[in-house]
Amino acid sequence: MNFLSIADLDKKQLDSMLALAGEMKANRAKYSEALSNKTLAMVFEKSSTRTRVSFEAAMYQLGGHTINLEAATSQLSRGESIADTAAVLGRYVDAVMARVHSHDEIIALAKHAKVPVINGMSRLEHPCQALGDLLTLKENGKLKKGAKLSYFGDPGIHVANSLLAACAKSGINVTFASPAKYPSNAQYAKDAKKSITVTHEPDALVAAKGADIIYTTSWVDIGSEAESAERIKDFMPYQVNAKILSVAAKDAIVMHPLPARRGLEITSDVLDGKASAVIDQAENRLHVQKAILLTLLK
Ligand code: CP
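These remarks concern the structure in this document. Given the structure is predicted, the values throughout are model-derived calculations rather than measurements. (Residues numbered from 1 in each chain as written. Predicted model: local features only at pLDDT ≥ 70, side-chain atom pairs only at ≥ 80, totals over all residues. Heavy atoms only, no water.)

### Quick notes on the overall build of the protein
- Assigned secondary structure in the protein consists of twelve helices and nine strands.
- Relative to a compact globule of 298 residues, whose C-alpha radius of gyration would be 19 Å, the protein shows 19 Å and is just as compact.
- Each principal axis of the C-alpha atoms in the protein carries an extent, and together these give about 55 × 45 × 35 Å.
- Residues classed as buried in the protein amount to 55% of the 298 residues present.
- Taking all contacts inside the protein whose residues are at least 6 apart in sequence as the whole, residues at least 24 apart take part in 76%.
- Total accessible area computed for the protein in this model is approximately 12,800 Å², and 53% of it derives from carbon and sulfur atoms.
- The distance from the centre of the 36 positive side-chain charges to the centre of the 32 negative ones in the protein is 4 Å. (Helix = DSSP H or I, 4+ residues; strand = E, 2+ residues; numbered from the N terminus. Rg over C-alpha atoms; globule rule 2.2 N^0.38 Å. Buried < 20%, exposed > 50% of the residue type's maximum accessible area, 1.4 Å probe, protein only. Contact = heavy atoms within 4.5 Å. Areas by Shrake-Rupley, 256 points an atom, 1.4 Å probe, with all protein chains shown as cover. Lys, Arg positive; Asp, Glu negative; His and termini not counted. Charge placed at Lys NZ, Arg CZ, Asp CG, Glu CD.)

### A look at the pattern of salt bridges
- In this structure the tally under the stated criterion is twelve salt bridges.
- Residue E23 is joined to K30 by a salt bridge in which the shortest nitrogen-to-oxygen separation is 2.6 Å.
- With a relative accessible area of 25%, E23 lands in the partly exposed category.
- The shortest N-O distance in the salt bridge between R231 and D154 comes to 2.9 Å. (Salt bridge = Lys/Arg side-chain N within 4 Å of Asp/Glu carboxyl O.)

### What about the packing of helix α1 (residues 11–26) against helix α12 (residues 278–297)?
- Direction vectors running N to C along α1 and α12 enclose 115°, while the axes themselves pass 8 Å from each other. If you check the angle between α1 and α12, you find them roughly perpendicular. Note that α1 runs across α12; the crossing there is right-handed. Contacts between α1 and α12 involve M17, L20, A21, M24 and K25 on the former and, on the latter, E283, N284, H287, V288, K290, A291, I292, L294 and T295. (Axes fitted to C-alpha atoms, helices over the stretch in contact; angles between N-to-C directions. Parallel < 35°, antiparallel > 145°, perpendicular 65-115°, else oblique. Left-handed = near helix turned anticlockwise from the far one by under 90°.)

### Details of the packing of helix α5 (residues 127–139) against α12
- At their nearest, the axes of α5 and α12 sit 8 Å apart, and the two run at 115° to each other. Between α5 and α12, the interaxial angle falls into the category roughly perpendicular. Our pair here, α5 against α12, has a crossing hand that is right-handed. Contacts from C128, Q129, L131, G132, D133, L135, T136 and E139 in α5 reach D280, Q281, N284, R285, H287, V288, Q289 and I292 in α12.
- Grouping the amino acids of the contact of α5 with α12 by side-chain chemistry returns five nonpolar, seven polar and four charged. (Nonpolar A, V, L, I, M, F, W, Y, C, P; charged D, E, K, R; others polar.)

### Quick look at the nonpolar core
- Of all hydrophobic cores here, the largest spans 59 residues; its most connected members are F3, I118, L131, L149 and L293.
- In terms of domain composition, this core takes at least three residues from each of domain 1 (6–125 + 283–297) and domain 2 (141–276).
- Leave out the neighbours within four places in its chain, and L131 touches F3, L9, L14, M17, L18, V288 and I292.
- Counting residues in hydrophobic clusters, the runner-up holds 26 residues, among them A207, I244, A252 and A282. (Core = buried A, V, L, I, M, F, W, Y, C linked by side-chain atoms within 4.5 Å. Domains from an automatic or database assignment.)

### So, the sheet that holds strand β2 (residues 65–70)
- Sheet architecture is open: four strands sit in the order β2-β1-β3-β4, paired in parallel fashion. A single partner strand is all that each edge strand has here, and the edge strands are β2 and β4 (117–119). This sheet shows a mean twist of 20° between the axes of neighbouring strands, independent of strand direction.
- The pairing of strand β1 (residues 39–44) with strand β3 (residues 95–99) spans five bridges and is parallel. Along β3, the bridge assignment pairs A41 with V96.
- Contacts from helix α2 (residues 50–61) reach β1, β2, β3 and β4 within the one sheet, and its direction differs from that of β1 by about 175°. (Pairing = 2+ DSSP bridges.)

Shape is all these values report; function is a separate question.
Shown next as structure tokens:
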């Protein structure tokens, strides 16, 4: 089994994964030898803080090991194919986690590695982030049918795709607040609409009204730095700030997968404020990834 996409888990598996993550979070010592003698290779074609450290800490806390392979300092940078790299890694380690550019690369890794492969973020999806998001919603009593999540920023990126798919499995309605020139992924929106209401709202205040969850993320993804100035101008009206929060539900929580650019997509008062679940959200990456590793490697 691989974990490349939220679609790899049906509703029952998703619920079980969240339950296991919660149990592992509450009982760390019980799992301290669960993956002893297991090795995870971590391949990074792009930079990371949370994904790298949380996977490394997860394997350590489960009694296993990691090997970190930066694309820039491996033979990948000299043109060795993903297929050949995967085939060899699969002979050395028990699982591979990779942060790659195109989604085709993670699919190729899974095809050739012959060991479980985890998507640590591709251009299309960031499924580990979405699982951590769901655990955070669950802990805050927001993982319930009919809840309203309002997402501010580019709705067509990996984080939004995985979040939308995860919300669809959980019955959480999604409103995307963005300029019309930034659409959501048509396939993900079409699939989600079979289970939930998905709306696009160009007026940020209208989008925020009554929201149970206010979600934002970076406007400038790794690789789109050349469009930085244009994106900042386009998304500035969608900044998550005190005004946005003031029209949301009284007990609304604010989420951001990090890294944040304070003063752009979110203001410091909101990021550091009472409604913010952001640091818990980052911590929960560790716990859901332990559940993923245990499920794939046991
Ligand atoms: N949210 C997230 O994936 O963080 P990193 O890019 O630091 O891994």
